[in-house]
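Close look at the chain arrangement
Residues per chain are reported as follows:
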Amino acid sequence: MSQPIPVTVLTGYLGAGKTTLLNRILTESHGKKYAVIINEFGEVGIDNDIVVGTDEEIFEMNNGCICCTVRGDLIRTIGGLMKRADALDGIIVETTGLADPAPVAQTFFTDDEVKAKTQLDAVVTVVDAKHFPLRLEDSREAEDQVAFADVVLLNKTDLVSPADLAAVERRIREINPYARIHRTQKSAIELDKILDKGAFDLQRILALDPHFLHDHGHHHDHDDGHDHDPATCDDPTHDHSHDHHHHHHHDAPNPKHADDVFSVAAVVDGPVDPEKFRVWISGILQSQGQNILRSKGVLAVEGAEQRFVFQAVHMIADSTWGQPWRAGEKRGSKLVFIGRKLDAEALKAGFEACKAA
Amino acid sequence: MSEAKLPARREFAFGAYVSGAAFTADGETAGFALGSGAIKLVTVADSSVREIAAHKGASLSFAAHPDGNSFLSGGDDGRLVRVARDGETSEVAKFQGKWLDVLATHKSGGFACAFGKEIRYWAPGATEPKTLGPHPSSVAALDFSPDGSRLAAAHYGGASIWQIRNPASAPRKLDWKGSHIVVRYAPNGKFLATTTQDNAIHVWRLANGQDMQMAGYRTKVKALAWTADARYLLSDAADCFVCWDFSGKGPEGQPPVEYGFGDGRAMTAAIAHPDSPFVCGGFENGALRLGDMDSKRDLELRPGADDRKPIRAMAWSPDGWRIAAGAEDGYATVFDLKAKS
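Residues numbered from 1 in each chain as written. Chains lettered and ligands numbered in written order. Predicted model: local features only at pLDDT ≥ 70, side-chain atom pairs only at ≥ 80, totals over all residues. Heavy atoms only, no water.

Moving on, we get to helix 12 (residues 344–352) of chain A. Residue and element names in this part refer to chain A. Among the residues making up helix 12, those that are buried are Ala344, Leu347, Gly350 and Phe351. Looking straight down helix 12, one finds its buried side chains confined to an arc of 135 degrees; they lie on one side. Taken together, the buried residues of helix 12 touch strand 10 (261–268), helix 11 (274–288), strand 11 (292–300) and strand 14 (333–340). (Buried < 20%, exposed > 50% of the residue type's maximum accessible area, 1.4 Å probe, protein only. Helix = DSSP H or I, 4+ residues; strand = E, 2+ residues; numbered from the N terminus. Arc of directions from axis to C-beta. Contact = heavy atoms within 4.5 Å.)

Dropping the structure here:
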């Protein structure tokens, strides 16, 4: 069987540095063949890669759910790319600056053919360190884009003071403590840090806090959050203290505004009952899917030797079997929700009730 | 149909995704369009193959040219190319930066392609196209009415029917929510069928605009074929022939005719015989089945296998005696239903 082609979704507010990043991908000699789907067709000098221009066409599904939307143009474009004779190493989808990342992500979970041939690898969000606080004030999209991210490029770090940079990073962490953050200038980043990361980033939910089974809820996430080793980093602007983060990343934070995005982590100390989980999670996504932007988890399932890897965008879920558990390894289940108006206690209690008897 | 002997067949390994198949008017040449951008011309009599490099990327749309002696191919290089049976190739048009994945032809000589929200229509004998549109969203499929007077376009929110002799007039709008991806006129011109992203078929009775919805598919329907008598509408996407009966009061409230359950794999391509009540389906495991709508019996032309790839393109020759089929992995075949192997 041929491997599904990894898809990277590239989002970011206008002017954040998306185009600069795309140009890097297209011009760097990486020896890979990528197809890049952009919003507008421009004549770009490309040797090896394929550039496809499309108009974002957001289609509602007829199931009556207003958040079940897909990108019709992507379904067609990917169908066309799959006919080509040359094997692709990856597909990169650029969204417009004001775009809600949900329809593009949902496309990879809902369309049968797209699902069969490709796999959503990561949502990469480029954030302008200088203007992000302003964007948060005047648009919901900027916040959503960070909420959806698996990887955040905190860009234009040279344009802000160390203190402001630390503040922006804290704000990103409040919205989405699970994204991997890379600080960049002019979108300069090694491509292997943003492309073809998928399974790795989902497994990371568990790895994020190796102690979570004993230490419910606290996220010692800072040393995963940077792309450098904090032990050797002497930049005083980087926040390497454990304690500091606890105030911000608690499971039930007090958002500044009633509709701020925050996250909830729910853990079960052991395997879950698959049927109980299925019933519970579909009920949660059905009733609260509009407020849950993303949910993802790595679960131990009773009777299964592999990790169960779950992710959803709003109401639309997808799951696969991941790495097998090692002999003697402690099996735990963790699920995270990123969204608005989440009832942290109810989510945690609901997940706990899925624990295998 | 005798089940004792299978029709004679020729098989080819073309090495790239077979995205289209068609016959010349006399059925003597089969054309296969490939994801490599090549067109393979197969002379059925001696199985000789000629390869034409038509596109830089992939051929995304392919049809018999109305002149009867050539084919039209649209590519992701923006080129619409005419390839004659002798291999002579000419560029009909080039639309820089566009993907030509939608194409329709009519025996009267007209043909049309679409990219983005617009259609380009060539009247019989015309060298320059007329523009129809823009539509509210990208055009996903086109089909000419049987008499060639109208052109139907499927798009988000329904279908638009253009009177092509009067392109300035507003199209008739057939509205139904959702993204419509296939469109097919019934051979009697009385119905227009589309398929939608939500795994359903939608059909309009054109006389009064009444519409009906046919659902129950587990995946989206990507191929529709009407039998020549316009009685049955065959769809792919199920693991058998699913045929909606439009005789009498029509399919509303009636289950479809279902037969030819094979090995539980989904149909990925479907065609109907040009004059008789026969249908043919290609499956995701490479199987090919011929169906008889009168007896509701089927004949396996090619068995499926787990290591075989989905059939993606099929065509019936205009005289009804030959079938061409091609798969994702470059497998292609031409059956001669007259000759027994």
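Continuing now.
Turning our eyes to something else, we now look at the interface of chain B and chain A. It is common to give the size of an interface as the accessible area that goes away when the parts come together. With 33 residues of chain B in contact, the opposing surface of chain A contributes 24 residues. Buried area between chain B and chain A, summed over both chains or domains, comes out near 2300 Å², and the portion from carbon and sulfur atoms is 46%. The largest contributions to the chain B side of the interface with chain A come from Trp99, Tyr156 and Gln197 of chain B, which together make up 24% of the buried area. Linking chain B with chain A are seven salt bridges. Note that Lys222 of chain B and Glu113 of chain A form a salt bridge whose closest N and O atoms lie 3.0 Å from each other. (Buried area = accessible area lost by both parts, 1.4 Å probe. Salt bridge = Lys/Arg side-chain N within 4 Å of Asp/Glu carboxyl O.)

Here we take up the nonpolar core. Residues and elements named next belong to chain A. Leu81, Ile91, Phe108, Phe132 and Ile172 are the most contacted members of the largest nonpolar core, which totals 57 residues. Of all the elements, helix 3 (residues 102–110) adds the most residues to this core, at five residues. If you count residues domain by domain, this core takes at least three from each of domain 1 (5–200) and domain 2 (212–218 + 260–352). Residues Phe277, Val301, Ala312 and Phe337 belong to the second largest nonpolar core, which totals 24 residues. (Core = buried A, V, L, I, M, F, W, Y, C linked by side-chain atoms within 4.5 Å. Domains from an automatic or database assignment.)

Before going further, it helps to examine the packing of helix 11 of chain A against helix 12 of chain A. Residues and elements named next belong to chain A. Viewed as axis vectors pointing N to C, helix 11 and helix 12 meet at an angle of 155 degrees, and their least axial separation amounts to 10 Å. Classified by the interaxial angle, the pair formed by helix 11 and helix 12 is roughly antiparallel. Of the residues in helix 12, those touching helix 11 at Phe277, Trp280, Ile284 and Gln288 are Leu347, Gly350 and Phe351. When grouped by side-chain class, the residues that make up the contact of helix 11 with helix 12 number five nonpolar, two polar and no charged. (Axes fitted to C-alpha atoms, helices over the stretch in contact; angles between N-to-C directions. Parallel < 35°, antiparallel > 145°, perpendicular 65-115°, else oblique. Nonpolar A, V, L, I, M, F, W, Y, C, P; charged D, E, K, R; others polar.)

On average, residues of chain B score 95 in pLDDT, and 98% of them reach the 70 mark or higher. For this predicted complex, the interface score ipTM comes out at 0.90, while the overall pTM is 0.87. (pLDDT = per-residue confidence, 0-100.)

Glancing now at the pattern of salt bridges. Enumeration over the complete set of coordinates arrives at 41 salt bridges over all chains. As a salt-bridge pair, Asp101 of chain B and Arg76 of chain A come within 2.9 Å of each other at their nearest N and O atoms. A residue pair is termed interchain when its members come from two chains, as with Asp101 of chain B in the loop between strand 9 (89–94) and strand 10 (102–105) and Arg76 of chain A in helix 2 (residues 72–81). Between Lys330 of chain A and Asp269 of chain A there is a salt bridge, with the nearest N and O atoms lying 3.0 Å from each other. Of this pair, Lys330 of chain A sits in the loop between strand 13 (316–324) and strand 14 while Asp269 of chain A is found in the loop between strand 10 and helix 11, placing the two residues 61 residues apart along the sequence. You can call Asp269 of chain A partly exposed: its relative accessible area is 34%.

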